[in-house]
Amino acid sequence: MNDVALRLYFSAWSSLIYIRAHFDETFPPGEDPRPEKGDWAEEWSEYIQGYQPEFQAVCSVIQQSNELALKARICGVSPYLLLLNSNPKFSAIPGDIDFSELRTIDASDLPASVNSLCKKALSDDYVRTYNEIRSLRNKIAHLGHAGSNFEPDKLLEILVDQYIELWSDRAWLTDRVNFASRTGLAFFQDGKYTSAAAEVMYELPLILSAVKKSAFKKLFGIEKTTRRYLCHACVADASVRYHEVDPVRCRTAYLKDKSTLHCLMCSADYPVVREACGTDKCKGNVISRSEHAECDVCHSCGSEQSERGGS
């Protein structure tokens, strides 16, 4: 149940990111990357107005993800607790009962149920947002319209807060790649022409800009201003025929100490040496052996350090 909740979560996230990505491909961002503030503000306003039906669908998926995640928490205590206040009707004729056919706790009662039955209570901010999204979802389901316009940035902010609240013990970027490899499009991910890592690397700049400074550390465990580096393994996974990795925009690793690099995408640690990069224009000084090259590689620019024998 929790696995399905996460899959729905990243489906909503991917839909929102690609709506923005497709706009940027036609209307390149200027000095101010925010489309509502830049040179294309009028075009952006018209663009997102046309996407309102899709935003309504995203809203519904977010709520479905919320509900399944909360039910998963209750199931962690006992799945039978989902039947509270359901007044199930039983037949006098002996036979098996299909649990999936039984009515479970109403969506409106889920936050209170979690707070009463589970060890970890939900925050007031999350419960308030949950009820707002649930109300909008109900309007969409029963009336065909939410009654108000959606802003994609606001929906992304809701998704960031949702992950922090429900899955704070997990690694967001690792999950993003994992669930990208389990979508319908994963059928085409052969590792040669496309891959899950390439998909996530493509959207990475938008991901990082979408997460506000106040939430960044809660989501990724580091400050937004922390210097990041290339992960050789993830760069190799993302380097396919239809995607060229940008060494400036695709840095997923950071130094957890002076000699260890940790990648937010693959969640692996890598030993490094602090030596200057041999490339004249690069000021990087974090180097390590790459399994995908016959020499050491710089984690700042991705250049092979062919003059070094290996670390």
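The shown structure was predicted, so the numbers you read here are calculated from the model rather than taken from an experiment.

Talk me through the overall build of the chain; I want residue IDs and the actual numbers.
Looking only at helices and strands, the chain has 10 helices and 6 strands in total. Classification of the 311 residues of the chain by burial places 42% in the buried group. Put simply, 60% of the contacts in the chain that link residues at least 6 apart link residues at least 24 apart. Split by element, the accessible area of the chain, about 17,300 Å² in all, is 50% carbon and sulfur.

Break down unusual backbone geometry for me, with residues and values.
Phi at Ser-267 is positive, roughly 60°, even though this residue is not glycine. Mapping Ser-267 onto the fold places it in the loop between strand E2 (260-263) and strand E3 (269-271). What makes Ser-267 partly exposed here is its relative accessible area of 35%.

Can you tell me about the pattern of salt bridges, naming the residues and giving the values?
A full pass over the atoms with the stated rule returns 11 salt bridges. A salt bridge links Arg-182 to Asp-3; its shortest N-O distance comes to 2.5 Å. Pair noted here: Arg-182 is in the loop between helix H7 (172-180) and helix H8 (196-210) and Asp-3 is in helix H1 (residues 2-26), with a separation of 179 residues, a long-range link. The exposure class of Arg-182 is partly exposed, given its relative accessible area of 28%. Between Arg-170 and Asp-175 there is a salt bridge, with its nearest N and O atoms 2.7 Å apart. Its relative accessible area of 32% is what places Arg-170 among the partly exposed residues. Take Asp-175: its relative accessible area is 6%, and that puts it in the buried class.

A description of the state of the cysteines should follow, citing residues and the corresponding values.
Under the counting rule described, the total for this entry stands at 0 disulfides. Residue Cys-75 stays outside any disulfide, its sulfur separated by 9.5 Å from that of Cys-118, the closest cysteine. The closest cysteine sulfur to the non-disulfide-bonded Cys-295 is located on Cys-277, 11 Å from its own sulfur.

Tell me about the sheet that holds strand E6 (residues 304-305), residues and numbers included.
One open sheet holds the 3 strands; their spatial order is E4-E5-E6, and the pairing between them is antiparallel. Where the open sheet ends on each side, the last strands, each with one partner, are strand E4 (287-289) and E6. Pairing of E4 with strand E5 (residues 296-298), which is carried by 3 bridges, proceeds in the antiparallel orientation. The residue bridging Arg-289 from the neighbouring strand is Asp-296, located in E5.

Rules and cut-offs
Residues numbered from 1 in each chain as written. Predicted model: local features only at pLDDT ≥ 70, side-chain atom pairs only at ≥ 80, totals over all residues. Heavy atoms only, no water. Helix = DSSP H or I, 4+ residues; strand = E, 2+ residues; numbered from the N terminus. Buried < 20%, exposed > 50% of the residue type's maximum accessible area, 1.4 Å probe, protein only. Contact = heavy atoms within 4.5 Å. Areas by Shrake-Rupley, 256 points an atom, 1.4 Å probe, with all protein chains shown as cover. Salt bridge = Lys/Arg side-chain N within 4 Å of Asp/Glu carboxyl O. Disulfide = S-S within 2.5 Å. Pairing = 2+ DSSP bridges.

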